[in-house]
Amino acid sequence: RQSAAMGLGNFTSPEIPQLLVPLGQDAQWQVRQAAALSLGNFDQSQTIDYLKPLLADKQLEVSVAAVNSLGSLTVPQAPELLGSLAQDNRWEIRQAAALSLSNFNQPQTIDYFKPFLDDTYWQVRQAAALSLGNFDQPQTIDYLKPLLNYYKWEVKVAAVNSLGNFNDPQIVGLLTPSLKD
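This is a predicted model, so every value here is computed, not measured.

> Honestly, the overall build of the protein chain in this entry has me stumped. Any pointers?
Looking only at helices and strands, the protein chain has 12 helices and zero strands in total. Ordering the α and β elements of the protein chain from the N terminus gives α-α-α-α-α-α-α-α-α-α-α-α. For the protein chain, contacts bridging at least 24 residues in sequence account for 62% of all contacts bridging at least 6. A total accessible area of about 9,200 Å² is found for the protein chain, and carbon and sulfur atoms account for 52% of it. Counting 12 positive and 17 negative side-chain charges, the protein chain places the averaged centre of each group 7 Å from the other.

> What exactly am I supposed to notice about the side chain of Arg125 here?
Mapped onto the fold, Arg125 is located in helix H9 (residues 122-132). Salt bridges are absent for the buried Arg125, whose nearest opposite-charge side chain, Asp118, sits at 5.2 Å. From its side chain, Arg125 meets the backbone oxygen of Leu117 in a polar contact 3.4 Å long.

> Could you clarify how one ought to interpret the packing of aromatic side chains in this entry?
Two numbers describe a pair of aromatic rings. These are the distance of the centres and the angle of the planes. Per the stated rule, a full pass over the model turns up three aromatic pairs. Taken together, a centroid distance of 5.3 Å and an interplanar angle of 70° make the contact between Phe113 and Phe135 edge-to-face. With Phe113 in the loop between helix H7 (91-100) and helix H8 (114-117) and Phe135 in the loop between H9 and helix H10 (138-144), this residue pair connects regions lying 22 residues apart in the sequence. In terms of burial, Phe113 and Phe135 fall into one category: buried.

> Honestly, the environment of Asp136 in this entry has me stumped. Any pointers?
Relative to the assigned elements, Asp136 resides in the loop between H9 and H10. The sequence separation of Asp136 and Asn167 amounts to 31 residues, and the corresponding C-alpha distance is 8.5 Å.

> Is there a simple way to explain the side chain of Ser63 in this structure?
Along the chain, Ser63 falls in helix H5 (residues 60-71). Residue classification places Ser63 among the buried residues on the basis of a relative accessible area of 0%.

> Would you mind showing me how to read the nonpolar core here?
Where a protein is soluble and globular, its nonpolar side chains tend to be buried together. Val67, Leu70, Leu82, Phe116, Leu132, Leu144 and Leu163 are the most contacted members of the largest nonpolar core, which has 57 residues in total. Discounting chain neighbours no more than four positions away, the residues touching Phe116 are Leu82, Gly83, Leu85, Ala86, Arg94, Ala97, Ala98, Leu101, Val124, Arg125 and Ala128.

> Help me understand helix H4 (residues 45-55) in this model?
Since there are 3.6 residues in each turn of an α-helix, residues three or four apart along the chain are aligned in direction. Taken together, the buried positions of H4 are occupied by Thr47, Ile48, Tyr50, Leu51, Leu54 and Leu55. One side of H4 holds all its buried residues, which, seen down the axis, span an arc of 165°. Tucked inside the fold, the buried residues of H4 contact helix H2 (16-20), helix H3 (29-39), H5 and helix H6 (77-84).

> Just to check I follow, could you spell out the pattern of salt bridges for this structure?
Here the idea is simple: oppositely charged side chains can pair when their charged atoms come close. One pass over the full model with this rule turns up six salt bridges. When the shortest N-O distance is used, the salt bridge between Arg90 and Asp88 registers 3.3 Å. For the pair shown, Arg90 and Asp88 are each scored as buried. The residue Arg94 makes a salt bridge to Asp119 at a minimum N-O spacing of 2.5 Å. You can see Arg94 sitting in helix H7 and its partner Asp119 sitting in the loop between H8 and H9, a full 25 residues away along the chain. Asp119 shares its class with Arg94; the two are buried.

What counts, and where the lines are drawn
- Residues numbered from 1 in each chain as written.
- Predicted model: local features only at pLDDT ≥ 70, side-chain atom pairs only at ≥ 80, totals over all residues.
- Heavy atoms only, no water.
- Helix = DSSP H or I, 4+ residues; strand = E, 2+ residues; numbered from the N terminus.
- Contact = heavy atoms within 4.5 Å.
- Areas by Shrake-Rupley, 256 points an atom, 1.4 Å probe, with all protein chains shown as cover.
- Lys, Arg positive; Asp, Glu negative; His and termini not counted.
- Charge placed at Lys NZ, Arg CZ, Asp CG, Glu CD.
- Buried < 20%, exposed > 50% of the residue type's maximum accessible area, 1.4 Å probe, protein only.
- Salt bridge = Lys/Arg side-chain N within 4 Å of Asp/Glu carboxyl O.
- Polar contact = N/O pair within 3.5 Å; in protein donor to acceptor, adjacent residues only side chain to side chain.
- Phe/Tyr/Trp six-rings, centres within 6.5 Å; stacked < 30°, edge-to-face > 60°.
- Core = buried A, V, L, I, M, F, W, Y, C linked by side-chain atoms within 4.5 Å.
- Arc of directions from axis to C-beta.

Set out below in structure tokens:
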């Protein structure tokens, strides 16, 4: 079932998602994970409805696969749903959601990063900082600035690397103190 679910994800036929949906309730988490991953290949608005139950799966690997699939969609509801995952009680899901938001390089997506940047887990903040490197918007710099003084070096490095992606004169002044770290 797992291999079949993965194989079906390679087809573009519109009836394939309907075949995958029941596998999202399979007793084996690997089958549910395969269904979640394959659903990400179907860029349709109803795919979000198919992925929602998998986002709440008790098995972390299934939920992360659903988040990653959600990040591969281009439907307008996907960034908002990813942003809402900042409230999930599992930091790994929040981390995956922050990373998946990087696929939506639109000005309105940037605001979804704020709760991830304020997360209590440094891994989530790091993921958000890395993802923001894809958004060359004025407010991106403002979001990344506080992370330059964060106590975990992994978060600081992510912020520095992301700021290095932008061609803005104020970046030089922001990054110069990091030369002494």
